[in-house]
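The chain contents come next:
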Amino acid sequence: MKLPFAEAFEVLQERDEHFEKITQESYPSNIISAQILIIAFFLFCYGLIMGSYNSWMQAISSGAKLTSLLFLTLIICFPSFYIVQLVLGSKVKIKQLAVMMLSGFLMTTTIMLAFAPIVLLFQLSGDNYNFLKFLHVGVFVFSGFFGMRAVLDALKNSFAEQGVYPQIGLSIFRVWVIIFAFVGIQLAWNLRPFVGFKDMPYELFRKDTQGNFYSSMIKSLGEMMGGPTFQKRQEPLQDDASENPNTDPPKQPKETIIEKPQPESAEPTQGDSQKKD
């Protein structure tokens, strides 16, 4: 069966008509499959560029993890959003809401992929790991803003005006977007690395679980501004000296200096000559 990829891309140019189809349920029955494939492909491509800063293994890993990140976050957060809408009196069906949300994420990932050549240029022309981290975060925020704004406009203009969606639901959606962002940030921290520092070997997941996303970004900002480099917290001393040897140099035992008697001079001194006289 042919997937309706053209109908899925209508959200980019014919946004009002696209959301009108969602309101009237006149969209193709398998449009969700097309949206998921497009979003997954775009995310994987952007992840390839992210991880290519470290190695080709990191590139493939980042592409797969970035794709999983979005869909895992959506699976975790979507049920709570839909249930709250039902409690508030929404008459929007779950498939309508799913198609609308995926339309917003399709716009988000399309904008992200459009920034990929710019990101690749900075990776090839510079070697600033901290700057690349901020660049990727900026691309995510910028793209996500336009994607979620499209969904909010659809809820406001298509559903709320027809009385099938409550006005208070628009405020709830704004709060849900913030919750979605926090959940995504936490998942991203657990799935890191995505970029990977060049001097570090490839890792599927970081073994160090200390810190969080916000402290990491503050640290990167300080290093970019020329501040002191933050050192990792030292591990506690172990009882076994073989596992964590003492770094202090061993104390040398004090040597007992024995003064040797100086040999008598073979040449007679002045006092000896006087005695002989």
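Refer to the structure above for everything that follows.
Reference entry: report on the structure contained in this document. Quantities reported herein were computed from a predicted structural model and do not represent experimental measurements.

1. A short note on the side chain of Thr109
Reasoning step 1: Here Thr109 shows up in helix 6 (residues 94–114).
Reasoning step 2: Since its relative accessible area comes to 2%, Thr109 is described here as buried.
Reasoning step 3: A polar atom in the side chain of Thr109 sits 3.1 Å from the backbone oxygen of Leu106.
Reasoning step 4: What Thr109 contacts, discounting residues up to four positions off in sequence, is Ile39, Phe42, Leu43 and Leu70.

2. Concerning helix 10 (residues 213–224)
Reasoning step 1: Here helix 10 is 12 residues long and its end C-alpha atoms lie 16 Å apart, about the 16 Å a rise of 1.5 Å per residue gives.
Reasoning step 2: Among the residues of helix 10, those classed as buried are Ser216, Met217 and Ser220. One side of helix 10 carries all its buried residues, which in axial view fall inside an arc of 95 degrees.
Reasoning step 3: In the stretch just after helix 10, Gly226 is the one whose phi turns positive, near 85 degrees.

3. Notes on the pattern of salt bridges
Reasoning step 1: Taken as a whole and assessed by the stated rule, the structure comprises three salt bridges.
Reasoning step 2: For Lys93, the salt bridge is made with Glu25, and the minimal N-O distance between the two is 3.4 Å. Here Lys93, found in the loop between helix 5 (56–87) and helix 6, pairs with Glu25, found in the loop between helix 3 (15–24) and helix 4 (31–51); they are 68 residues apart in sequence, far enough to count as distant.

4. Digging into the packing of helix 3 against helix 6
Reasoning step 1: As a packed pair, helix 3 and helix 6 sit with axes 9 Å apart at the nearest point and diverge in direction by 160 degrees. If you check the angle between helix 3 and helix 6, you find them roughly antiparallel. Contacts between helix 3 and helix 6 pair Arg15, His18, Phe19, Ile22 and Thr23 from the former with Gln96, Val99, Met100, Ser103 and Met107 from the latter.

5. Re the environment of Gln85
Reasoning step 1: Relative to the helices and strands, Gln85 resides in helix 5.
Reasoning step 2: Separated by 84 residues in the primary sequence, Gln85 and Gly169 place their C-alpha atoms 6.5 Å from one another.
Reasoning step 3: Not counting residues up to four positions away in its chain, the partners in contact with Gln85 are Ser90, Tyr165, Gly169 and Ile172.

6. Thoughts on a negative patch on the surface
Reasoning step 1: Taken together, the side chains of Glu14, Asp16, Glu17 and Glu20 make up a negatively charged region of the molecular surface.
Reasoning step 2: Mapping Glu17 onto the fold places it in helix 3.

7. Focus: the nonpolar core
Most often, soluble globular proteins have nonpolar side chains that are buried together.
Reasoning step 1: If you look at the biggest cluster of nonpolar residues, it comprises 59 residues, and the most contacted ones within it are Ile39, Tyr46, Leu66, Phe105, Leu155, Phe173 and Trp176.
Reasoning step 2: For this core, the elements supplying multiple residues, two or more each, are helix 3, helix 4, helix 5, helix 6, helix 7 (116–125), helix 8 (129–160) and helix 9 (168–191).
Reasoning step 3: The biggest single contributor to this core is helix 6, with 11 residues.
Reasoning step 4: If sequence neighbours within four positions are ignored, Leu66 has contacts with Leu43, Tyr46, Gly47, Met50, Met112, Phe140 and Phe194.

8. Focus on a positive patch on the surface
Reasoning step 1: Judged by side-chain charge, Arg15, Arg149, Lys156 and Arg174 come together as a positively charged surface patch.
Reasoning step 2: Residue position: Arg174 is located in helix 9.

9. Quick notes on the packing of aromatic side chains
Reasoning step 1: Tallied over the entire structure, the rule returns 16 aromatic pairs.
Reasoning step 2: Taken together, a centroid distance of 6.1 Å and an interplanar angle of 50 degrees make the contact between Phe41 and Phe42 tilted.
Reasoning step 3: Using a relative accessible area of 52% as the deciding quantity, one classes Phe41 as exposed.
Reasoning step 4: A network of ring pairs unites the aromatic residues Phe81, Phe105, Phe173, Trp176 and Phe180 as a single cluster.
Reasoning step 5: It is Lys65 that lies over the ring of Phe194; its NZ or CZ is 5.3 Å from the centre.
Reasoning step 6: Positioned over the ring face of Trp189 is Arg192, at 3.7 Å from the centre of the ring.

Conventions we followed
- Residues numbered from 1 in each chain as written.
- Predicted model: local features only at pLDDT ≥ 70, side-chain atom pairs only at ≥ 80, totals over all residues.
- Heavy atoms only, no water.
- Helix = DSSP H or I, 4+ residues; strand = E, 2+ residues; numbered from the N terminus.
- Buried < 20%, exposed > 50% of the residue type's maximum accessible area, 1.4 Å probe, protein only.
- Polar contact = N/O pair within 3.5 Å; in protein donor to acceptor, adjacent residues only side chain to side chain.
- Contact = heavy atoms within 4.5 Å.
- Expected span 1.5 Å × (residues − 1).
- Arc of directions from axis to C-beta.
- Salt bridge = Lys/Arg side-chain N within 4 Å of Asp/Glu carboxyl O.
- Axes fitted to C-alpha atoms, helices over the stretch in contact; angles between N-to-C directions.
- Parallel < 35°, antiparallel > 145°, perpendicular 65-115°, else oblique.
- Patch = residues over 30% accessible without salt bridge, like charges linked within 9 Å, V, L, I, M, F, W, Y side chains within 5 Å.
- Areas by Shrake-Rupley, 256 points an atom, 1.4 Å probe, with all protein chains shown as cover.
- Lys, Arg positive; Asp, Glu negative; His and termini not counted.
- Charge placed at Lys NZ, Arg CZ, Asp CG, Glu CD.
- Core = buried A, V, L, I, M, F, W, Y, C linked by side-chain atoms within 4.5 Å.
- Phe/Tyr/Trp six-rings, centres within 6.5 Å; stacked < 30°, edge-to-face > 60°.
- Lys NZ or Arg CZ within 6 Å of the ring centre and 35° of its normal.

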